[in-house]
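Tertiary structure, described
Each chain is listed here by its residues.
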Amino acid sequence: MSTETKRAGIAATRAERAVREALDLVDAGGLESLTMRQLADRLGLHLPAIYRLFDGKDALIDEMAEAILAGAVANLPAEDSGWENRVRSLAGGLRSALLAYRDGARIVGGNYAAKRSNLTYVDTLLGCMLASGLSRKQAFWASSAVFCYVLGEALEEQGATGDEIEVLKGVLGARQYPHLESGPVESLLDFEERFEFGLELLLAGVRAVVSVPAG
């Protein structure tokens, strides 16, 4: 093994550790609390050493997003399980991966880097949509819709503080919002059931599009 290869391997190992530590910092204090200096202190490094691993905070967050998405592709569904069940499995796996880390949805949502886990997930989801019978363009759009739906639901769930229902009830009663006042507003925070319901709506939409002959 060449010296250059060894150095690259050491740098990759250090970067992986730095990403793990950065995720721990976010778990402890939220995404806003993460700074490059704080990460350097946690690793016992000088600040320039961190910038040799990552060009900046955006590059660090890209790698954090990739680490989170690795959990979504750790157990991909079998190809013989049917496209709908595969989409359900992929959506559920992504949701679990996002919720496993504090601000996981914000980290992934701000990431546009074309990296392995990211591309693997989207490519697998696209294959499911193509198997449904959608055209290639429709399959791209449907894949994006599912990904964005899961991301948005996780983002809202992670942003919930627990007092949203009381706040909402406090502003209702003025007879300005009859549908909300009819309730039950508690269902808005039943994240598990509403996630499953919304996903089934998306799947039903795919089935409807496929069943309509091209005009």
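What counts and how
Residues numbered from 1 in each chain as written. Predicted model: local features only at pLDDT ≥ 70, side-chain atom pairs only at ≥ 80, totals over all residues. Heavy atoms only, no water. Helix = DSSP H or I, 4+ residues; strand = E, 2+ residues; numbered from the N terminus. Buried < 20%, exposed > 50% of the residue type's maximum accessible area, 1.4 Å probe, protein only. Contact = heavy atoms within 4.5 Å. Areas by Shrake-Rupley, 256 points an atom, 1.4 Å probe, with all protein chains shown as cover. pLDDT = per-residue confidence, 0-100. Expected span 1.5 Å × (residues − 1). UniProt positions renumbered as here; feature names shortened; annotations may be inferred. Core = buried A, V, L, I, M, F, W, Y, C linked by side-chain atoms within 4.5 Å. Phe/Tyr/Trp six-rings, centres within 6.5 Å; stacked < 30°, edge-to-face > 60°. Salt bridge = Lys/Arg side-chain N within 4 Å of Asp/Glu carboxyl O.

The protein chain is annotated in an unreviewed UniProt entry as TetR/AcrR family transcriptional regulator C-terminal domain-containing protein of Amycolatopsis silviterrae.

Another aspect to go through is the overall build of the protein chain. Tallying secondary structure elements over the protein chain gives 11 helices and 0 strands in all. The order of helices and strands in the protein chain, counted from the N terminus, is α-α-α-α-α-α-α-α-α-α-α. Projected onto the principal axes, the alpha-carbon positions of the protein chain cover approximately 65 × 50 × 25 Å. Counting across all 215 residues of the protein chain, residues that qualify as buried make up 35%. Partitioning the contacts of the protein chain with sequence separation of at least 6, the portion at a separation of at least 24 is 70%. Here the protein chain displays about 12700 Å² of accessible surface, and carbon together with sulfur accounts for 54% of that area.

Should pLDDT be low for a region, the predicted coordinates there are not to be read in detail. Taken residue by residue, the protein chain gives an average pLDDT of 89. The fraction at 70 or more is 92%. Within the protein chain, the element-level pLDDT minimum falls on helix H9 (residues 164–171), averaging 73, and the maximum on helix H5 (residues 83–99), averaging 97.

All right, on to helix H11 (residues 191–211) then. With 21 residues, H11 extends 30 Å from end C-alpha to end C-alpha; this agrees with the ideal 30 Å at 1.5 Å per step. Those residues of H11 hidden inside the fold are in contact with H5, helix H7 (116–132) and helix H8 (136–159).

So, about the environment of Phe 191. Summarising the element assignment, Phe 191 is placed in helix H11. The class for Phe 191 is buried, based on a relative accessible area of 11%. Along the primary structure Phe 191 and Glu 157 are separated by 34 residues, whereas in three dimensions their C-alpha atoms are 6.7 Å apart. Beyond its immediate stretch of four places on either side in the chain, Phe 191 contacts Arg 95, Glu 156, Glu 157 and Ala 160.

Further remarks concern the UniProt feature "domain: HTH tetR-type" (unreviewed entry) in the protein chain. Taking the UniProt record as the reference, the feature "domain: HTH tetR-type" (unreviewed entry) is found at residues 12–72. With 80% helix and 0% strand, the stretch residues 12–72 has end C-alpha atoms that lie 21 Å from each other.

A few words now on the nonpolar core. By size, the foremost hydrophobic cluster in this structure holds 51 residues, and its most contacted members are Leu 60, Met 64, Val 87, Ile 107 and Met 129. For this core, the secondary structure elements donating two or more residues are helix H1 (3–29), helix H2 (36–43), helix H4 (57–72), H5, helix H6 (104–109), H7, H8 and H11. The contact partners of Leu 60, leaving out residues within four places of it in the chain, are Val 19, Ala 22, Leu 34, Met 36, Leu 39 and Phe 54.

So, about the packing of aromatic side chains. Enumeration over the complete set of coordinates arrives at 2 aromatic pairs. Each ring, one from Tyr 121 and one from Phe 147, has its centre 5.9 Å from the other, and the planes form 65°; the classification is edge-to-face. One end of the pair, Tyr 121, is in helix H7; the other, Phe 147, is in helix H8, and 26 residues separate them in sequence. Look at Tyr 121 and you get buried, because its relative accessible area is 0%. For Phe 147, a relative accessible area of 16% gives the class buried. Judged by centre distance (5.7 Å) and plane angle (15°), the ring pair of Tyr 149 and Phe 195 falls under stacked.

Glancing now at the side chain of Asn 118. Residue placement: Asn 118 occurs in helix H7. Judged by its relative accessible area of 14%, Asn 118 falls in the buried class. Sequence-distant contacts of Asn 118, defined by excluding residues within four places in its chain, comprise Glu 66, Leu 69, Asn 111 and Ala 113.

Right, let's talk about the pattern of salt bridges for a bit. The full count for this structure, using the stated rule, is 11 salt bridges. A salt bridge links Arg 106 to Glu 32; its shortest N-O distance comes to 2.9 Å. Of this pair, Arg 106 sits in helix H6 while Glu 32 is found in the loop between H1 and H2, placing the two residues 74 residues apart along the sequence. With its nearest N and O atoms 2.9 Å apart, the salt bridge here joins Glu 156 to Arg 194. With Glu 156 in helix H8 and Arg 194 in helix H11, this residue pair connects regions lying 38 residues apart in the sequence. When salt bridges that share partners are traced, they join Glu 84, Arg 88, Glu 200 and Arg 207 into one network.

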